[in-house]
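Listed here are the chains, written in short residue letters.
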Amino acid sequence: TLTGTAGKPVFIVSTSQGTRWNIDPRGTRTISWTDVRDSNNANATAIDVTGQNCINSGNNLNWTFGSNPNFTWIAAADGNWNVGSNWQGGAAPGPSDPALFNGASVKNCTINVTDVGSILISSGYTGTITQGNGITLTGLAQVNGTFTSGAYSFSSSGDIMRYGGTMNASSTTS
């Protein structure tokens, strides 16, 4: 069982990017909100996480991920947070929605709203997320990419977890 949440996902990634690690699960598989990279499922049965808000960060064998969850950044060019076409599902995430940045698009995002749900910047995202104003969010988990607040502050009612990437912040409150 690997059960994360939008604000606290589970990360199962290789310590050496590009080098696969092996997994051979037995019995019932319960997996949600998990970011997977460089995994080799040695079991004959594929690990199916379709519809479980799991992230395929690349180089995985014998996994089935399905489509990106709603509120995944899919912009074709650098763009603004509030533009619905930049997001899977056709609508920008609201204050109670988890926003996901992964390898589906590595284009830069400018946050031009004030109330943001949780933000997950997975290992597949290499772009930059920049605040265009002060924001309030419910949590931030960062594995890769760049988060820049510039001259703006942000406050969080949840956890701010950094496992990698770059954070340029002028001030934070949690």
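Whatever comes next refers back to the structure up there.
Remarks on the overall build of the protein chain
Reasoning step 1: For the protein chain, the count of helices and strands is zero helices and 21 strands.
Reasoning step 2: Considering only C-alpha atoms, the protein chain reaches an extent of 50 × 30 × 25 Å along its principal axes.
Reasoning step 3: The proportion of buried residues among the 174 residues of the protein chain is 43%.
Reasoning step 4: On the protein chain, roughly 7800 Å² of surface is accessible, and the fraction owed to carbon and sulfur atoms is 45%.
Reasoning step 5: One way to put it: in the protein chain the 7 positive side-chain charges average out to a point 9 Å from where the 8 negative ones average out.

Digging into the sheet that holds strand β12 (residues 109-111)
Backbone hydrogen bonds hold the strands of a sheet together, and the pairing may be parallel or antiparallel.
Reasoning step 1: Across the sheet, five strands lie side by side as β10-β12-β14-β17-β20; this open sheet has parallel pairing. Bordering the open sheet on either side are β10 (79-80) and β20 (166-168), each of which pairs with just one other strand.
Reasoning step 2: The pairing of β10 with β12 spans two bridges and is parallel. Pairing of glycine 79 across the sheet is with cysteine 109, part of β12.

A word on the pairing of strand β16 (residues 139-142)
On a regular strand, one side chain projects to one face of the sheet and the next to the other, so that they alternate.
Reasoning step 1: Covered by surrounding structure in β16 are Gly139 and Ala141 together with Leu140 and Gln142, the residues of both alternating faces.
Reasoning step 2: Pairing geometry for β16 and strand β19 (residues 160-162), over three bridges, is parallel. For alanine 141, the partnering residue across the bridge sits in β19 and is methionine 161.

Points about the sheet that holds strand β5 (residues 34-37)
Reasoning step 1: If you walk across this open sheet you meet the three strands as β2-β5-β8, and the pairing is parallel. The open sheet has two edge strands, β2 (10-13) and β8 (55-56), and neither has a second partner.

Considering the nonpolar core
Reasoning step 1: Counting residues in each nonpolar core, the largest one holds 18 residues, and the members touching the most others are Trp81, Phe101, Ile111, Ile119, Ile129 and Phe147.
Reasoning step 2: Elements represented by at least two residues in this core include exactly β11 (99-101), β12, β13 (118-121) and β15 (135-137).
Reasoning step 3: For isoleucine 111, the residues in contact, after removing those within four places along its chain, are Trp81, Val116, Ile119, Ile129, Thr130, Gln131, Gly132, Asn133, Ile135 and Phe147.
Reasoning step 4: One finds Ile12, Ile31, Ile47 and Phe65 within the second-largest nonpolar core, a separate group that totals eight residues.

Overview of the environment of serine 153
Reasoning step 1: Counting through the fold element by element, serine 153 comes out in the loop between β17 (146-148) and β18 (154-156).
Reasoning step 2: Overall, the relative accessible area of 38% leaves serine 153 in the partly exposed class.
Reasoning step 3: Along the chain, serine 153 and glutamine 131 lie 22 residues apart, while their C-alpha atoms are 8.7 Å from each other.

Describing the pattern of salt bridges
Reasoning step 1: In the structure shown here, the tally under the stated rule is three salt bridges.
Reasoning step 2: The salt bridge involving arginine 26 is made with aspartate 24; its shortest N-O contact spans 2.7 Å.
Reasoning step 3: Owing to a relative accessible area of 65%, arginine 26 belongs among the exposed residues under this scheme.
Reasoning step 4: With a relative accessible area of 35%, aspartate 24 lands in the partly exposed category.
Reasoning step 5: With a closest N to O distance of 3.2 Å, arginine 37 and aspartate 38 form a salt bridge.

Side note on unusual backbone geometry
Trans peptide bonds make up the majority, and among non-glycine residues the majority have a negative phi.
Reasoning step 1: The backbone phi angle of asparagine 53 is positive, close to 60 degrees, even though this residue is not glycine.
Reasoning step 2: The residue asparagine 53 is located in the loop between β7 (47-48) and β8 in this model.
Reasoning step 3: The backbone phi angle of phenylalanine 71 is positive, close to 70 degrees, even though this residue is not glycine.
Reasoning step 4: Inspection of the secondary structure puts phenylalanine 71 in the loop between β9 (63-64) and β10.

Thoughts on the packing of aromatic side chains
Given two aromatic rings, their pairing is described by the distance between the two centres and the angle made by the two planes.
Reasoning step 1: Scanning the entire structure with this criterion turns up nine aromatic pairs.
Reasoning step 2: On the numbers, 5.1 Å between centres and 55 degrees between planes, the contact of phenylalanine 11 with tyrosine 163 is tilted. Of this pair, phenylalanine 11 sits in strand β2 while tyrosine 163 sits in the loop between β19 and β20, placing them 152 residues apart in sequence.
Reasoning step 3: Residue phenylalanine 11 is classed as partly exposed on the basis of its relative accessible area, which comes to 22%.
Reasoning step 4: With a centroid separation of 5.0 Å and 70 degrees between ring planes, the pair formed by tryptophan 73 and tryptophan 87 is classed as edge-to-face. Of the two residues, tryptophan 73 is situated in the loop between β9 and β10 and tryptophan 87 in the loop between β10 and β11; the sequence distance between them amounts to 14 residues.

Rules used throughout
Starting from 1, residues in each chain are numbered consecutively following that chain's sequence as written. Note on the predicted model: pLDDT of at least 70 is required for a residue's local features to be given, and 80 or more for side-chain atom pairs to be given and counted; whole-chain, interface and lining totals, by contrast, use all residues. Based on all heavy atoms of the structure, the side-chain values leave hydrogens and waters out of the count. The numbering of helices and of strands both runs from the N terminus, where a helix is a DSSP run of H or I of at least 4 residues and a strand a run of E of at least 2. Exposure classes here rest on a 1.4 Å probe applied to the protein chains alone. A residue is buried below 20% of its type maximum, exposed above 50%, and partly exposed in between. To be clear on the numbers: accessible area is Shrake-Rupley with a 1.4 Å probe, and residue cover counts the displayed protein chains and nothing else. The charge count includes Lys and Arg as positive and Asp and Glu as negative, but it does not include His or the ends of the chains. In this description, the location of a charge corresponds to atom NZ of lysine, CZ of arginine, CG of aspartate or CD of glutamate. Any two strands with at least two DSSP bridges between them are considered paired. The term nonpolar core refers to a set of buried residues drawn from Ala, Val, Leu, Ile, Met, Phe, Trp, Tyr and Cys, joined through side-chain atoms within 4.5 Å. It only takes one pair of heavy atoms within 4.5 Å for two residues to be counted as in contact. When a carboxyl oxygen of Asp or Glu is within 4 Å of a side-chain nitrogen of Lys or Arg, the pair counts as a salt bridge. Pairing of aromatic side chains requires ring centres within 6.5 Å, counting the rings of Phe and Tyr and the six-membered ring of Trp. Pairs whose planes differ by under 30 degrees are stacked, by over 60 edge-to-face, and all others tilted.

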